[in-house]
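These are the residues of each chain, in order.
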Amino acid sequence: MTVFVTSEETLKVITIDGPAGSGKSTVSRLLAHRLGWIYVTTGAIYRTLALMLFEAGTGVQDRGSIERFVAFLSERYRQDPRSGRVFLGDREITHEIRTPFVSEQASLVAQDELVRRRLLPVQRKVVLDCNGAVVDGRDMGTVVFPDAPLKIFLTASPEQRAQRRLDELRAQNLEPSLDELIREIHARDARDANRLVAPMRPAEDAVLLDSTELEPNAVVRAVLRLCVDRGLVPGLEES
Ligand code: DC
């Protein structure tokens, strides 16, 4: 196994942005594991807020609920950095937040300026007190961690992304059609990329990677090479 030796002194963040199904979460998790860093998927935070609003029978127009729910979420939201399991207090919501319905709701909720402003410190807080973090989302490199030393924008063809979503949902015994998923992905991409606040786009200094033809481990190797090139990873130890 290869183990990377990292410097303890500074917090290191690698941002991985990109559209739904581009492989961000798989790559980020594997990469974090290789580096011994934590992995944070910020989409899960938007998804959790969307689930809370839905369960309360309200929406983003209810500004009071946003304030209360974000305050609650800030205290009680937890992502297991290794497994990626998500908890709100004692309740596990890992699977509930991954349904196509919540995906759609999260994308709608994420358009709201107040939501984004309030969730900004929540996202930054998760990476405090750790050695290093791999964070994925839509605006990690542009807004949340603009000073990150390495920013990746990961893409893949819409067909490939829909296929990956289908595999993921099948693992949860859900069976949407591929065509339906392709339509949803196009609609969500358009909404995420065209919203007024913090739209999904590569940071000016981001490295663009296309994962259509690449296995996740090949993407991870490419990112690790960039880490070494940028001095983020000072050395390699073979064991
Ligand atoms: O990464 P994901 O598919 O779990 O994200 C779900 C939705 O949340 C996505 O459609 C847009 C929104 N989102 C966002 O606007 N900004 C982020 N940093 C992460 C997610």
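These figures come from a predicted structure and were not determined experimentally.

(A) A look at the overall build of the protein. Along the backbone of the protein there are 9 helices and 10 strands. Here the protein has a C-alpha radius of gyration of 17 Å; the compact-globule value for 239 residues is 18 Å, and the two agree. Projected onto its principal axes, the C-alpha positions of the protein cover 55 × 40 × 35 Å. Buried residues in the protein amount to 51% of all 239 residues. Counting contacts in the protein only where the partners sit at least 6 residues apart, residues at least 24 apart contribute 76% of the total. When the accessible area of the protein is evaluated, it comes to approximately 11,500 Å², of which 53% is carbon and sulfur surface. Taking the average location of the 32 positive side-chain charges in the protein and that of its 35 negative ones, the two points are 2 Å from each other.

(B) Main features of the packing of aromatic side chains. Scanning the entire structure with this criterion turns up 1 aromatic pair. Seen in terms of ring centroids, F54 and F101 are 4.9 Å apart; in terms of plane orientation they differ by 65 degrees. Their pairing is edge-to-face. In this pair, F54 is assigned in helix α2 (residues 43-55) and F101 in helix α4 (residues 100-109), connecting sequence segments 47 residues apart. Residue classification places F101 among the partly exposed positions, given a relative accessible area of 40%.

(C) Fine view of the side chain of S107. Mapped onto the fold, S107 is located in helix α4. In this structure S107 touches R188, R191 and D192, once residues within four positions along its chain are discounted.

(D) Fine view of helix α9 (residues 216-229). Its 14 residues give α9 an end-to-end C-alpha distance of 20 Å, which sits within 8% of 20 Å, the value for a rise of 1.5 Å per residue. Phi turns positive one or two residues past the end of α9, at G231, with a value near 75 degrees.

(E) Layout of the layout of surface pockets. Volume-wise, the second largest pocket comes out at about 270 Å³. Lining the second largest pocket are 13 residues; nearest its centre among them are Y77, R78, Q79, K125 and V126. Sorting the residues of the lining of the second largest pocket by element identifies β3 (38-41), α3 (63-76), β4 (77-79) and α5 (113-126) as the ones contributing at least two each. Partitioning the lining of the second largest pocket into residue classes produces 8 nonpolar, 2 polar and 3 charged.

(F) Representation of the packing of helix α1 (residues 24-35) against α9. At a closest axis distance of 9 Å, the pairing of α1 and α9 adopts a crossing angle of 55 degrees. Here α1 is positioned oblique relative to α9, judged by the angle of their axes. The two elements α1 and α9 meet at a crossing, and its hand is right-handed. Contacts from T26, V27, L30, L31, R34 and L35 of α1 reach α9 at P216, N217, V219, V220, V223 and L224. Among the residues forming the contact of α1 with α9, the class breakdown is 9 nonpolar, 2 polar and 1 charged.

About the cut-offs
Residues numbered from 1 in each chain as written. Predicted model: local features only at pLDDT ≥ 70, side-chain atom pairs only at ≥ 80, totals over all residues. Heavy atoms only, no water. Helix = DSSP H or I, 4+ residues; strand = E, 2+ residues; numbered from the N terminus. Rg over C-alpha atoms; globule rule 2.2 N^0.38 Å. Buried < 20%, exposed > 50% of the residue type's maximum accessible area, 1.4 Å probe, protein only. Contact = heavy atoms within 4.5 Å. Areas by Shrake-Rupley, 256 points an atom, 1.4 Å probe, with all protein chains shown as cover. Lys, Arg positive; Asp, Glu negative; His and termini not counted. Charge placed at Lys NZ, Arg CZ, Asp CG, Glu CD. Phe/Tyr/Trp six-rings, centres within 6.5 Å; stacked < 30°, edge-to-face > 60°. Expected span 1.5 Å × (residues − 1). 1 Å grid on protein atoms, 1.4 Å probe; cavity = no way out; pocket = protein on both sides within 12 Å on 5 of 7 lines; lining within 4 Å. Points joined across faces, edges and corners; volume = space filled by probe spheres on them. Nonpolar A, V, L, I, M, F, W, Y, C, P; charged D, E, K, R; others polar. Axes fitted to C-alpha atoms, helices over the stretch in contact; angles between N-to-C directions. Parallel < 35°, antiparallel > 145°, perpendicular 65-115°, else oblique. Left-handed = near helix turned anticlockwise from the far one by under 90°.

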